[in-house]
Every structure is written in structure tokens, then in C-alpha cells.
Amino acid sequence: MIVIPAIDILEGQLVRLTQGDYSRKKVYSYDPVVVARKWKAIGAQWLHIVDLDGARQGRPVNVDVIKSVIMEFGPQVQVGGGLRTLEDIQSIVELGASRIVLGTSAVKDPEFLREVCAKYPDMVVAALDTRNGVVAIDGWTKSSGLDVLEVAKLVEDAGVGYILFTAIETDGTMTGPDIAAVQRLMSHVSVPVIASGGISEPEDLEELSKAGVYAVIVGKALYEGRLPEEVITTYSAPKEYME
């Protein structure tokens, strides 16, 4: 398992939301590039970048900032937020991103997802963000009405390389991850699972590592100092996932 720091960008700033609520944001840095430089120096293997403006508007917005982050950190980044057309996805790939994260488009348009997976094999991460086991879409503002396990099988069949699972109820709360939900998802799919949401202490990482997840995305717990920065290098990817 590896630990991936999150860089969520809203209006050019690094922020964290609580439970996906745009009105409950906290700014941690006015310059995400400086933060990316820090994580690189510490030894982070990957970064997780979310264009929050893009997720809400349905198209990439913070492209210049994302480009600068990738130039600073390197290509081992996964980028999501508003990627709903092939042209937008291509623009992010051309910036140097090694993975693309699809949420709304992956859920609403299975044929589009298949097309993207065929064009970018092993680069697609399907983000399944849930409330009470139901997948949310459009920047977490709407419900798809679809059960997460049903959608997980569909995206796996479409050819995604990874599934990113977030229980929205726990995201940004630092109350602990929903381990049971993660385990339930992992029992239904064979692709690597990335867990996100609720991480508050090193013991949470230990539990997720024992559950067998490929990676954990951590945001607020790092920025609030609840986790020592050393956890970024405490874990490493299984050999079969080394890139």
C-alpha cells in the first residue's frame, strides 16, 4: 500500500472540503506548487490532484495550476475533476499526468468509459464516491441512484485500471475510514482499490493496509498534522503495482 497526498484545487488554491461541501472549505495554501514541491522532497510516490472547480462545472478549470504542479512534481500524478470529454482528457494527458480520474462520466456514460479505457489502457481511475452506498455524481452534488457494487462491476468490465472509493460521509471529517465498506467493495472486484476519506491517525492506515488496498489518499489529516509526514514513505506499493 502507498500513501498518496491529495492536492484539491479551488480557485487556484489548495483547499479541503468537509463531506464534499463547497461551503465548508478550508484553505491550506495559496500556492499548490509549493505544496507539491514539499511532498516530492519528502518522498511521495504519487500525488492525487482534484480540480474542484472543474468537478462542479463539468470541465477542467484550473489547468494552469495543474500544469505547474506536474512540472514541479513529475508525471506520477493522477488528475480528476470535470473530465467528461475525450478532448478534456487528452488535454490533461498532454500536461503529463500518468492517470486520469473519472467520476461522473464513468457512471453516467459506460460506453464513453469503455472508449477512454481503450485509448488510455491502465491509466483510468474510476472514482466511486458514495453516500449510504449510493454513488454520487456532478461534484458530489447529485445522486446517481445506483448502488456502488453494481457500478463497481460495470467500471471493472469497462477496463478501468483502478477504482477509487470514497465514503462521502467520512471525507474530510477525520473520524476514521469506512473499513467495512472498503472490504465489501474489494470482495466484489479484482482491480486495485484506492481508498479515501476519514483518515485521522496512523492506525487507520494500518487497517487499510491489512484490508489489502493498493493505496490510500490522505488530505486533511496530513495538512492538520494528525498524521506524521513520515507515513508518506512508511508504505510502498506491492511489486506487481510498481511503476
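Quick look at the structure, then. (Residues numbered from 1 in each chain as written. Predicted model: local features only at pLDDT ≥ 70, side-chain atom pairs only at ≥ 80, totals over all residues. Heavy atoms only, no water.)

Right, let's get into the side chain of N62. For N62, the location among the structural elements is in the loop between α2 (52–57) and α3 (63–73). On the basis of relative accessible area, N62 is assigned to the buried category, the value being 7%. Here the side chain of N62 touches D51 through a polar contact of 2.8 Å, side chain to side chain. When near neighbours in sequence (up to four residues on either side) are disregarded, N62 contacts I9, E11, G12, D51 and D53. (Helix = DSSP H or I, 4+ residues; strand = E, 2+ residues; numbered from the N terminus. Buried < 20%, exposed > 50% of the residue type's maximum accessible area, 1.4 Å probe, protein only. Polar contact = N/O pair within 3.5 Å; in protein donor to acceptor, adjacent residues only side chain to side chain. Contact = heavy atoms within 4.5 Å.)

What follows concerns the packing of helix α4 (residues 86–95) against helix α6 (residues 110–119). Closest axis-to-axis distance for the α4/α6 pair is 11 Å, and the angle between their directions is 30 degrees. In terms of axis orientation, α4 runs roughly parallel to α6. As α4 packs across α6, the resulting crossing turns out to be right-handed. For the pair formed by α4 and α6, the contact residues are L86, I89 and Q90 on the first element and F112, E115, V116 and K119 on the second. Among the residues forming the contact of α4 with α6, the class breakdown is four nonpolar, one polar and two charged. (Axes fitted to C-alpha atoms, helices over the stretch in contact; angles between N-to-C directions. Parallel < 35°, antiparallel > 145°, perpendicular 65-115°, else oblique. Left-handed = near helix turned anticlockwise from the far one by under 90°. Nonpolar A, V, L, I, M, F, W, Y, C, P; charged D, E, K, R; others polar.)

Attention now moves to the packing of aromatic side chains. By the definition in use, this model includes three aromatic pairs. The interplanar angle of 55 degrees and the centroid separation of 5.8 Å between the aromatic rings of W39 and Y223 together place this pair among those described as tilted. In this pair, W39 is assigned in helix α1 (residues 32–42) and Y223 in helix α10 (residues 220–223), connecting sequence segments 184 residues apart. The exposure class of W39 is buried, given its relative accessible area of 1%. Assessed through its relative accessible area of 18%, Y223 is described here as buried. Note on Y162 and Y214: the rings are 5.4 Å apart at their centroids and 35 degrees apart in plane angle, and the pair reads as tilted. Taken together, the residues span a long stretch of sequence, with Y162 in strand β10 (residues 162–167) and Y214 in the loop between α9 (202–211) and β12 (215–218) at a distance of 52 residues. Taken together through their ring pairs, the aromatic side chains of Y28, W39 and Y223 make up a single cluster. Lying across the ring of W39, K38 places its NZ or CZ 4.9 Å from the centre. In this arrangement the basic side chain of R99 is found over the ring face of Y162, its NZ or CZ atom lying 4.2 Å from the centre. (Phe/Tyr/Trp six-rings, centres within 6.5 Å; stacked < 30°, edge-to-face > 60°. Lys NZ or Arg CZ within 6 Å of the ring centre and 35° of its normal.)

All right, on to the side chain of D88 then. Mapping D88 onto the fold places it in helix α4. There is no salt bridge for the buried D88, and the closest opposite charge comes from R59, which lies 7.6 Å off by N-O distance. Those residues in contact with D88, other than ones at most four positions away along the chain, are R59, P60, G82 and L83. (Lys, Arg positive; Asp, Glu negative; His and termini not counted. Salt bridge = Lys/Arg side-chain N within 4 Å of Asp/Glu carboxyl O.)

Inspection of the entire model under this criterion finds eight salt bridges. In this structure, R37 engages E72 in a salt bridge whose closest nitrogen and oxygen atoms are separated by 3.2 Å. A residue pair is termed long-range when its members are at least 10 positions apart, and R37 in helix α1 and E72 in helix α3 qualify at 35 residues. For the salt bridge of D138 with R84, the shortest nitrogen-to-oxygen distance reads 3.6 Å. With D138 in the loop between β8 (134–137) and β9 (142–147) and R84 in the loop between β5 (77–80) and α4, this pair connects stretches of sequence that are 54 residues apart. When its relative accessible area of 13% is taken as the criterion, D138 is described as buried. Beyond isolated ion pairs, a larger network of salt bridges with shared partners links R84, D138 and K142.

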